[in-house]
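# Structural features, examined
Given next are the chains, with one letter for each unit.
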Amino acid sequence: MTGRYAAASRDIISEDFDGDAVVLNLASGQYFGMNGAASAVWSLLMAGVGSAQIAAGMRDAAGLAPFLERLVALGLIAPSAETAENMGAGDAARLAALAEAPVVDVFDDLSDLILADPIHDVDADMGWPHSPAPAADASRG
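Residues numbered from 1 in each chain as written. Predicted model: local features only at pLDDT ≥ 70, side-chain atom pairs only at ≥ 80, totals over all residues. Heavy atoms only, no water.

### Some points on the overall build of the chain
Scanning the chain for helices and strands turns up five helices and six strands. Sequence-ordered secondary structure for the chain, helices as α and strands as β, is β-β-β-β-α-α-α-β-α-β-α. For the chain, with 141 residues in total, the buried portion stands at 30%. Within the chain, residue pairs in contact and separated by at least 24 positions form 68% of the contacts whose partners lie at least 6 positions apart. Within the structure as shown, the chain displays about 8,400 Å² of accessible surface, and the carbon and sulfur contribution to it stands at 54%. (Helix = DSSP H or I, 4+ residues; strand = E, 2+ residues; numbered from the N terminus. Buried < 20%, exposed > 50% of the residue type's maximum accessible area, 1.4 Å probe, protein only. Contact = heavy atoms within 4.5 Å. Areas by Shrake-Rupley, 256 points an atom, 1.4 Å probe, with all protein chains shown as cover.)

Printed below as a string of structure tokens:
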């Protein structure tokens, strides 16, 4: 898998916590924990850096392709036709220092709570606390 990737949808959000990423899929309610190596790769992918450049910067890139395949299968990333961005010197140093393979763990224990959160049932233009307008009934005329 080479090229650039992007978040698979607007429902994919992430946050870094002391070098470990937590990614949330608002549509499914699943969340994903990423170790330091996965977090480094994730942040570069979200910055638009191409997977070939990421692999070239890693000391051991053997785990990158299976990691990317898993992210695609989990619906977190999708190939992007956009031109890949260049990686900064600090990012290259961070990748070169990685001693572990990227790993993502899947959690769905909170999915019912995440999906029940009323913030998801909002009007896209007006935001919370405005509910979406009911769909027009096409059978009435």
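### Concerning a negative patch on the surface
Negative charge collects at one region of the surface, where Glu15, Asp16, Asp18, Asp20 and Glu100 lie side by side. Tracing the backbone through its elements, the reader meets aspartate 18 in the loop between β2 (12–17) and β3 (20–25). (Patch = residues over 30% accessible without salt bridge, like charges linked within 9 Å, V, L, I, M, F, W, Y side chains within 5 Å. Salt bridge = Lys/Arg side-chain N within 4 Å of Asp/Glu carboxyl O. Lys, Arg positive; Asp, Glu negative; His and termini not counted. Charge placed at Lys NZ, Arg CZ, Asp CG, Glu CD.)

### Things to note about the packing of aromatic side chains
On inspection of all chains with the given rule, the structure shows one aromatic pair. A centroid spacing of 5.1 Å and a plane angle of 20° characterise the contact between tyrosine 31 and phenylalanine 107, whose relative ring orientation is stacked. Highlighted residues: tyrosine 31 in strand β4 (residues 31–34) and phenylalanine 107 in strand β6 (residues 104–107), separated in sequence by 76 residues. (Phe/Tyr/Trp six-rings, centres within 6.5 Å; stacked < 30°, edge-to-face > 60°.)

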